[in-house]
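Examination of the molecular architecture
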Amino acid sequence: MESREDGREDNQMRQLACERNLLNRADGSARWSQGQSCVLAAVYGPRSTVGRKENPEQANIEVVFKPKIGFAGVEEHELEHVIRKTVEGVVLTSLHPRTGISVILQVLQNDGSVLACAINATSMALIDAGVPLKGLVAAVAIAVQESGGLILDPLLTEQKLARGMVTVAFVDAQPTEAGVPTEADTLTCTTSGLFSADQYLDSLNWGRTACSRIAAFCRVSLERYQRGSQMLA
Amino acid sequence: MSTSHALDAEAYRKIYPAEFYKKFLDEKVRPDGRPLGRCRATSVAAGAVSKADGSALVKIGNTTMIAGVKLEIMRPTDDASDVGTVEVTVEMPPLCSASVRSGRPTEEAQSASQRISEVLTHPAVFDLTQLCIAKGQAAWVAYLDIFCLDADGNIFDAALLAAVAALSDVTLPAVTVLEDGRVTADTAAVAEAQANAKDAMQTGEENAKGTQILTSQRQLSLKCVPIGLTCGLNQGHLIADPCAEESGLLDTTITVILNESGELVSVYKPGGNVGASDAILMDCIEMSRLRYKEVSPLLEKVLGKGMSE
């Protein structure tokens, strides 16, 4: 079994790090990194909107994705589209009709799995802004290697060599009273490259497990932060 | 009496679209009479634009897409000297639907452009070295423009089908180098070069004087044929090929693209109000397989090739 270039196991995530409330002008912000991949997210809102964006029934969500260098192109607009749809799936938009919520994402470093990183950063920034959510959304990327094996959270180099890529996001709701965790449903899924249906199912399962671990990390990170701020007060 | 009843139904449909639709779904049928898993009538016609280098017209129900390929010769960049490029643009002009306004391209069109481009430029789907004319000197750039003429839902499937048909319909013209070093596909120059080559053959000269043929005429082909099916989820019901009216009521959509050997080319589920369980995703893949069997004969027929080997 060949080991990965950074010495990780196939189903091992890179080191996660999350820092919140970095930007004082934004209502919420977070910097999320997975190893060398790093995305900064800012959330403004719910704030008033005008014109066609105003929806009398729910909040309007807008996502801006800024690449590390250059201007946003068609590729970035597609990422914005996927992230916006994902955010719409978790934000309780009907609580804030006629308002707008803007999510601005800036890629600080891209070392693979950048869409997953951006979704995680968005999730934490939304929580930091105090936007009411259905649950905590977590995303992860899985690469299907030429040999058919899967690797979790690929690096940029691994991503380029891969046969295919799957990025999935799951909503990690609070454990129910019954205590039995139900199998999480896929909120978002994008893939590229060619692979079999079995490999896809396997990656979904890997993704599901990894996302619940990421969500657990988020909860710990959120708790520590709250304790810290209470101590200061 | 019966007229007022019919009017009531129409009014109900306008005022409470979700409730109206739910009444149908409960009976496992859709307002246009289709069962939940059936797609609308689909047709593919290649060569719809006579002046384009390759083209196709696709209809899925009322949704109409016309795709055309325009070829141009470019100088390849140094880091990709032996490949050409395919530039995909999906356009939704205001004429295609009442909900589209002029100005910035719609999000749907941009998203479709990017996803089709991602599928068609993947090395396992389309070999870009086919577009090479002379390494480091000249290569084809294929501008693949897909226009929506009527947007009645399921834009992406129709656009992908049109893109695949138009690209397979392309015949690359023969190319020659002029004396001043310019690479051209001009018919007169090519004919002259062909005559020169013939002369050289007869006289047995090794280096023919005048112009030379770089590449001869050839048909473009795809390594595999990707065909997609978009399904929508509405209150747990899986609905294949949603029309425009249904699209507005869906909780989420799932698009599965397959190739002829049943491999997944793309599974795309962009968020939405509900998640999809593994069972639903598997159902989508299965429905997509059935759809593949339905659509691939249509493509084969117009392109006249055995594509589903």
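Keep in mind it's a predicted model, so treat the numbers as computed, not measured. (Residues numbered from 1 in each chain as written. Chains lettered and ligands numbered in written order. Predicted model: local features only at pLDDT ≥ 70, side-chain atom pairs only at ≥ 80, totals over all residues. Heavy atoms only, no water.)

**Observations concerning the overall build of chain A**
Under the convention used in this document: Under the DSSP-based scheme used, a helix requires at least four consecutive residues in state H or I and a strand at least two consecutive residues in state E, with every element numbered from the N terminus. Throughout, the radius of gyration refers to the C-alpha atoms, and the reference size of a globule is 2.2 Å times the residue count to the power 0.38. To sort residues, take the accessible area from a 1.4 Å probe on protein chains only and compare it with the maximum for the residue type: under 20% means buried, over 50% means exposed, and anything in between is partly exposed.
When its secondary structure is counted, chain A shows four helices and nine strands. From first element to last, N terminus to C terminus, chain A shows the α and β order β-β-β-β-α-β-α-β-β-α-β-β-α. Relative to the compact-globule value of 17 Å for 233 residues, chain A shows a C-alpha radius of gyration of 18 Å, a close match. With respect to the three principal axes, the spread of C-alpha positions in chain A is 55 × 40 × 35 Å. The burial tally for chain A puts 50% of its 233 residues in the buried class.

**Topic: the pairing of strand 14 (residues 252-258) of chain B**
Residues and elements named next belong to chain B. Filter applied, for reference: Whether two strands pair comes down to DSSP finding at least two bridges between them.
Most of strand 14 sits out of view: six of its seven residues are buried. Of the strand pairs in this sheet, strand 14 and strand 15 (residues 264-268) are connected by four bridges, and their pairing is antiparallel. Note on strand 15: the bridge partner recorded for Thr 255 is Tyr 268.

**What to know about the interface of chain B and chain A**
Bring the parts together and some accessible area is lost; that lost area is often taken as the interface size. Stated precisely, the cut-off is as follows: Only heavy atoms matter for contacts: two residues are in contact if any of them lie within 4.5 Å across the pair. The term buried area refers to how much accessible surface (probe radius 1.4 Å) is lost by two components on association, counted for both of them together. When a carboxyl oxygen of Asp or Glu lies within 4 Å of a side-chain nitrogen of Lys or Arg, that pair is called a salt bridge. Nitrogen and oxygen atoms within 3.5 Å of one another constitute a polar contact, given that in protein one can donate a hydrogen and the other can accept it, and given that sequence-neighbouring residues count only through two side-chain atoms. In this classification, Asp, Glu, Lys and Arg are treated as charged, Ala, Val, Leu, Ile, Met, Phe, Trp, Tyr, Cys and Pro as nonpolar, and every other residue, Gly included, as polar.
Between chain B and chain A, the residue contacts involve 33 residues of the former and 33 residues of the latter. Roughly 2700 Å² is buried in total at the junction of chain B and chain A, and carbon and sulfur atoms are behind 53% of that figure. Viewed at the interface, chain A and chain B are joined by three salt bridges. Glu 107 of chain B serves as the salt-bridge partner of Arg 84 of chain A, at 2.4 Å between the closest nitrogen and oxygen. The interface formed by chain B and chain A includes 15 residue pairs in polar contact (both at pLDDT 80 or more). For the side of chain B that touches chain A, the secondary-structure elements that each account for two or more residues are helix 3 (107-120), strand 15 and helix 7 (278-303) of chain B. Looking at the side of chain B that touches chain A element by element, the count peaks at seven residues for helix 3 of chain B. Classifying every residue of the side of chain B that touches chain A by side-chain character gives 13 nonpolar, twelve polar and eight charged.

**Concerning the nonpolar core**
Let me state the cut-off plainly: For the purposes of this section, nonpolar cores are sets of buried Ala, Val, Leu, Ile, Met, Phe, Trp, Tyr and Cys residues that join through side-chain atoms within 4.5 Å.
Ranked by size, the top nonpolar core spans 133 residues in total, and within it Tyr 200 of chain A together with Ile 116, Leu 144 and Ile 146 of chain B carry the most contacts. Looking at this core, the element that brings in the most residues is helix 4 (residues 155-168) of chain B, giving twelve residues. Discounting chain neighbours no more than four positions away, the residues touching Ile 116 of chain B are Val 88, Val 90, Ile 146, Phe 156, Ala 159, Leu 160 and Ala 163 of chain B.

**A word on the UniProt feature "domain: Exoribonuclease phosphorolytic" (unreviewed entry) in chain B**
Residues and elements named next belong to chain B. Which entries qualify depends on this criterion: UniProt positions are given in the numbering used here, feature names are shortened, and annotations may be inferred rather than shown by experiment.
Listed under "domain: Exoribonuclease phosphorolytic" (unreviewed entry) in the UniProt record, and renumbered for this structure, are residues 39-173 and 224-288. Note that residues 39-173 is 21% helix and 36% strand, and that its end C-alpha atoms are spaced 37 Å apart. Helix makes up 23% of residues 224-288 and strand 37%, whereas the separation of the span's terminal C-alpha atoms amounts to 16 Å.

**A closer look at the UniProt feature "domain: Exoribonuclease phosphorolytic" (unreviewed entry) in chain A**
According to UniProt, the positions carrying the feature "domain: Exoribonuclease phosphorolytic" (unreviewed entry) are residues 12-132 of chain A. Between the end C-alpha atoms of residues 12-132 of chain A the distance is 31 Å, and the span holds 27% helix and 35% strand.

**Topic: the pattern of salt bridges**
Residue and element names in this part refer to chain A. A complete count under the given rule lists 28 salt bridges over all chains for this structure. The salt bridge partner of Lys 53 is Glu 62, with a shortest N-O separation of 3.1 Å. According to the relative accessible area criterion, Glu 62 is partly exposed, its value standing at 28%. One salt bridge in this structure joins Arg 219 and Asp 172, with 2.7 Å as the shortest N-O distance. Of this pair, Arg 219 sits in helix 4 (residues 197-232) while Asp 172 is found in strand 8 (residues 164-172), placing the two residues 47 residues apart along the sequence. Exposure remark for Arg 219: the relative accessible area of 23% places this residue in the partly exposed category. Connected through shared salt-bridge partners, Arg 4, Asp 6, Arg 8, Arg 14, Asp 111, Asp 153 and Glu 158 make up one network.

**A look at the sheet that holds strand 2 (residues 28-34) of chain A**
Residues and elements named next belong to chain A. In plain terms, the rule: Axis lines are fitted to C-alpha atoms, over the contacting stretch for helices. Their N-to-C directions set the angle, which ranges from 0 to 180 degrees.
The sheet built from five strands is open, its strands ordered 1-2-3-5-4 with mixed pairing. Pairing within the sheet leaves two strands with one partner each, and these edge strands are strand 1 (16-20) and strand 4 (60-66). Ignoring which end each strand starts from, the neighbouring axes of this sheet average 15 degrees apart. Inspection of the sheet shows strand 1 paired to strand 2 by five bridges, in the antiparallel sense. Residue pairing for strand 2: Glu 19 is matched across the bridge by Arg 31.

**Let's talk about helix 3 of chain B**
Stated precisely, the cut-off is as follows: The span you would expect from a helix comes to 1.5 Å times its residue count less one.
An ideal rise of 1.5 Å per residue puts 20 Å on 14 residues; helix 3 of chain B measures up with 20 Å between its terminal C-alpha atoms. Most of helix 3 of chain B is tucked away: eleven of the 14 residues are buried. All of the buried residues along helix 3 of chain B are Ala 109, Gln 110, Ser 111, Ala 112, Ser 113, Gln 114, Arg 115, Ile 116, Ser 117, Val 119 and Leu 120 of chain B. On its buried face, helix 3 of chain B is in contact with helix 1 (74-90) of chain A together with strand 4 (85-91), strand 6 (138-150), helix 4, strand 14 and strand 15 of chain B.

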